[in-house]
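Residue strings, one per chain:
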Amino acid sequence: MKMFITIHNKPVPVYSDEKNKKKFNLLKSALEAKVTKGRATIKKCLDSIISIEIVGCEAILHSFNERDSLALSLY
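Residues numbered from 1 in each chain as written. Predicted model: local features only at pLDDT ≥ 70, side-chain atom pairs only at ≥ 80, totals over all residues. Heavy atoms only, no water.

- Looking at an unreviewed UniProt entry, one finds the protein chain named 3-dehydroquinate dehydratase and attributed to Paenibacillus silvestris.

This is the structure we're talking about:
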């Protein structure tokens, strides 16, 4: 399943195995918190993000530079 989320006024695709609105809402709230209160590493990843993949209870944030990609726990 593919949905889109807006980060820094840019649409970012979100890929998931299942159609679970709860996980998508958890992802949105976690990203909003990280944009305002996150550390430099997370903000750097969010600045160059190209896609997000939800696997189980984690969101894998993929960025242009592979070293900036990281996993974010949803729970």
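Once you've had a look at it, read on.
## A few points about the overall build of the protein chain
Consideration 1: Scanning the protein chain for helices and strands turns up 2 helices and 5 strands.
Consideration 2: In terms of overall dimensions, the protein chain is globule-like: its C-alpha atoms have a radius of gyration of 11 Å, near the 11 Å expected for 75 residues.
Consideration 3: Judged by the C-alpha coordinates and their principal axes, the protein chain covers about 30 × 20 × 20 Å.
Consideration 4: Buried positions account for 36% of the 75 residues belonging to the protein chain.
Consideration 5: Partitioning the intrachain contacts of the protein chain with sequence separation of at least 6 by distance along the chain shows that 39% fall at a separation of at least 24.
Consideration 6: Computed over 13 positive and 8 negative side-chain charges, the separation of the two mean positions in the protein chain equals 6 Å. (Helix = DSSP H or I, 4+ residues; strand = E, 2+ residues; numbered from the N terminus. Rg over C-alpha atoms; globule rule 2.2 N^0.38 Å. Buried < 20%, exposed > 50% of the residue type's maximum accessible area, 1.4 Å probe, protein only. Contact = heavy atoms within 4.5 Å. Lys, Arg positive; Asp, Glu negative; His and termini not counted. Charge placed at Lys NZ, Arg CZ, Asp CG, Glu CD.)

## What about the environment of N20?
Consideration 1: As for its position among the elements, N20 is in the loop between strand 2 (10-16) and helix 1 (21-37).
Consideration 2: What makes N20 partly exposed here is its relative accessible area of 25%.
Consideration 3: In this structure the C-alpha to C-alpha distance between N20 and K34, which are 14 residues apart in sequence, comes to 22 Å.

## What about the pattern of salt bridges?
Consideration 1: Counted according to the given criterion, the structure contains 1 salt bridge.
Consideration 2: The partner of K44 in a salt bridge is D68, with the nearest N and O atoms 3.9 Å apart. Of this pair, K44 sits in helix 2 (residues 40-47) while D68 sits in the loop between strand 4 (58-63) and strand 5 (70-73), placing them 24 residues apart in sequence. (Salt bridge = Lys/Arg side-chain N within 4 Å of Asp/Glu carboxyl O.)

## A word on helix 1
Consideration 1: Spanning 17 residues, helix 1 covers 24 Å between terminal C-alpha atoms, matching the ideal 24 Å at 1.5 Å per step.
Consideration 2: Considered for burial, the residues of helix 1 that qualify are K23, F24, L27, A30 and L31. Projected down its long axis, helix 1 carries its buried residues within an arc of 130°, all on one side. Exposed positions of helix 1 whose direction lies more than 90 degrees from the buried face are K21, K22, E32, T36 and K37.
Consideration 3: Buried residues along helix 1 sit against strand 1 (2-7), strand 2, helix 2, strand 3 (49-55), strand 4 and strand 5. (Expected span 1.5 Å × (residues − 1). Arc of directions from axis to C-beta.)

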